[in-house]
Amino acid sequence: MASSADDDGSKQNRLNEEIKPEPTLLAGTNEEDTQIKNQRNNRLSNLKGAAFFTTLTTTSLLFGFGTTVAMAKKKDPAMFAKTLIPSREYPVTGHAFAARALAWGTLYSISGVSLLSFAVWKMLGVHNLVEFREKIQSLMPKVSKKQPQEGRTEFKNLTDLMQYIIDIDAEEKKKKLAKTNSNVSGS
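Note that the coordinates shown come from a computational prediction; the quantities given were computed from them, not determined experimentally.

### A short note on the overall build of the protein chain
Then step 1. Tallying secondary structure elements over the protein chain gives six helices and zero strands in all.
Then step 2. When each of the 187 residues of the protein chain is scored for burial, the buried share is 3%.
Then step 3. Taking the contacts inside the protein chain whose residues are at least 6 apart along the sequence as the reference set, 9% of them involve residues at least 24 apart.
Then step 4. If you sum the accessible surface of the protein chain, you get close to 17300 Å²; carbon and sulfur atoms cover 63% of it.

Here's what the structure looks like:
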């Protein structure tokens, strides 16, 4: 029995030795593996960002359109009911009219932004997004890190905020008055 357990243990050791990769063989591929993982993570991050903004845009669009329809129905329910079905008096339904206006507005806004983006792209003479980013960074002023604010930033309530503003204003008036008095007495 002991010999069969030893045989199993030696088989397991041989399997572990066969499975273990040589460290020298992996030295060149670690950087490639890391690069591939980074590319996958970047793609996944971009995909998550695109999905988030698509969801946000769709939700905003549906919420805005639904709110507008609800407000129209609340404001004048009789007229809203009349425009649900086309008639001789109202040949176009309110929904069809709103959908057509939304379609034209979308077309105009997308076309305008695309044309503006294309014009800026061509004026800068760039060929890809990396060049575009670098060019814009060189043209725009560098945004410095936010300096810690002087004074208070947290208030218990609106009254506390208003009292703080009044106190600061009174201090500034005193400084200004003292400065003008020193200028008058000095001359």
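Next comes the rest of the description.
### Describing the layout of surface pockets
Then step 1. A volume near 170 Å³ is recorded for the largest pocket.
Then step 2. As for the largest pocket, its lining consists of Phe 65, Thr 68, Val 69, Ala 72, Asp 76, Met 79, Phe 80, Thr 83, Gly 94, His 95 and Ala 98.
Then step 3. Secondary structure elements with two or more residues in the lining of the largest pocket: helix H2 (23-75), helix H3 (77-82) and helix H4 (94-124).
Then step 4. Looking at the lining of the largest pocket element by element, the count peaks at four residues for H2.
Then step 5. The residue inventory of the lining of the largest pocket, partitioned by class, reads six nonpolar, four polar and one charged.
Then step 6. Two domains each donate at least three residues to the lining of the largest pocket, and these are domain 1 (41-75) and domain 2 (91-142).

### Let's talk about the confidence of the model for the protein chain
Then step 1. Overall, the predicted model of the protein chain reaches an average pLDDT of 81, with 83% of residues at or above 70.
Then step 2. Across the protein chain, the element-wise mean pLDDT spans from 56 in helix H1 (residues 2-19) up to 91 in H4.
Then step 3. Of the regions scoring below 50 in pLDDT, residues 24-28 engages in one contact with residues more than four places distant in sequence or in other chains.

### Here we look at the packing of H4 against helix H5 (residues 129-139)
Each pair of packed helices can be described by the angle between their axes along with the distance between the axes.
Then step 1. Orientation of H4 relative to H5, taken along the N-to-C sense of each, is 80°, at an axis distance of 11 Å. It follows that H4 is roughly perpendicular to H5 by the angle criterion. Between H4 and H5, the contacting residues are Val 120, Trp 121 and Leu 124 on the first element and Leu 129, Phe 132, Lys 135, Ile 136 and Leu 139 on the second.
Then step 2. Within the contact of H4 with H5, the residues separate by chemical class into seven nonpolar, no polar and one charged.

### Considerations on the UniProt feature "transmembrane region" (unreviewed entry) in the protein chain
Then step 1. According to UniProt, the positions carrying the feature "transmembrane region" (unreviewed entry) are residues 50-72 and 101-121.
Then step 2. As annotated, residues 50-72 comprises 100% helix and 0% strand, and the C-alpha atoms at either end are separated by 33 Å.
Then step 3. The span residues 101-121 is 100% helical and 0% strand by assignment, and the distance between its end C-alpha atoms comes to 30 Å.

### Let's talk about the pattern of salt bridges
Pairs can form between side chains of opposite charge once their charged atoms are near each other.
Then step 1. As enumerated under the stated definition, the model contains one salt bridge in all.
Then step 2. Two residues, Asp 169 and Lys 173, come together in a salt bridge whose shortest N-O distance is 3.6 Å. One end of the pair, Asp 169, and the other, Lys 173, are both in helix H6 (residues 158-186), four residues apart, so they sit about a helical turn from each other.

### What to know about the side chain of Thr 93
Then step 1. Mapped onto the secondary structure, Thr 93 falls in the loop between H3 and H4.
Then step 2. There is a polar contact of 3.1 Å between the side chain of Thr 93 and the backbone nitrogen of Ala 96.
Then step 3. With sequence-adjacent residues up to four places away left out, Thr 93 is seen in contact with Thr 83, Leu 84, Ile 85 and Pro 86.

### Let's talk about H4
Then step 1. For H4, built from 31 residues, the straight-helix expectation of 45 Å at 1.5 Å per residue is met to within 8% by its first-to-last C-alpha distance of 45 Å.
Then step 2. A side-chain oxygen of the first residue of H4 lies 3.1 Å from the backbone nitrogen of Ala 96; this N-cap is Thr 93.
Then step 3. Once H4 ends, the next one or two residues include Gly 125, with phi positive near 70°.

About the criteria used
Residues numbered from 1 in each chain as written. Predicted model: local features only at pLDDT ≥ 70, side-chain atom pairs only at ≥ 80, totals over all residues. Heavy atoms only, no water. Helix = DSSP H or I, 4+ residues; strand = E, 2+ residues; numbered from the N terminus. Buried < 20%, exposed > 50% of the residue type's maximum accessible area, 1.4 Å probe, protein only. Contact = heavy atoms within 4.5 Å. Areas by Shrake-Rupley, 256 points an atom, 1.4 Å probe, with all protein chains shown as cover. 1 Å grid on protein atoms, 1.4 Å probe; cavity = no way out; pocket = protein on both sides within 12 Å on 5 of 7 lines; lining within 4 Å. Points joined across faces, edges and corners; volume = space filled by probe spheres on them. Nonpolar A, V, L, I, M, F, W, Y, C, P; charged D, E, K, R; others polar. Domains from an automatic or database assignment. pLDDT = per-residue confidence, 0-100. Axes fitted to C-alpha atoms, helices over the stretch in contact; angles between N-to-C directions. Parallel < 35°, antiparallel > 145°, perpendicular 65-115°, else oblique. UniProt positions renumbered as here; feature names shortened; annotations may be inferred. Salt bridge = Lys/Arg side-chain N within 4 Å of Asp/Glu carboxyl O. Polar contact = N/O pair within 3.5 Å; in protein donor to acceptor, adjacent residues only side chain to side chain. Expected span 1.5 Å × (residues − 1).

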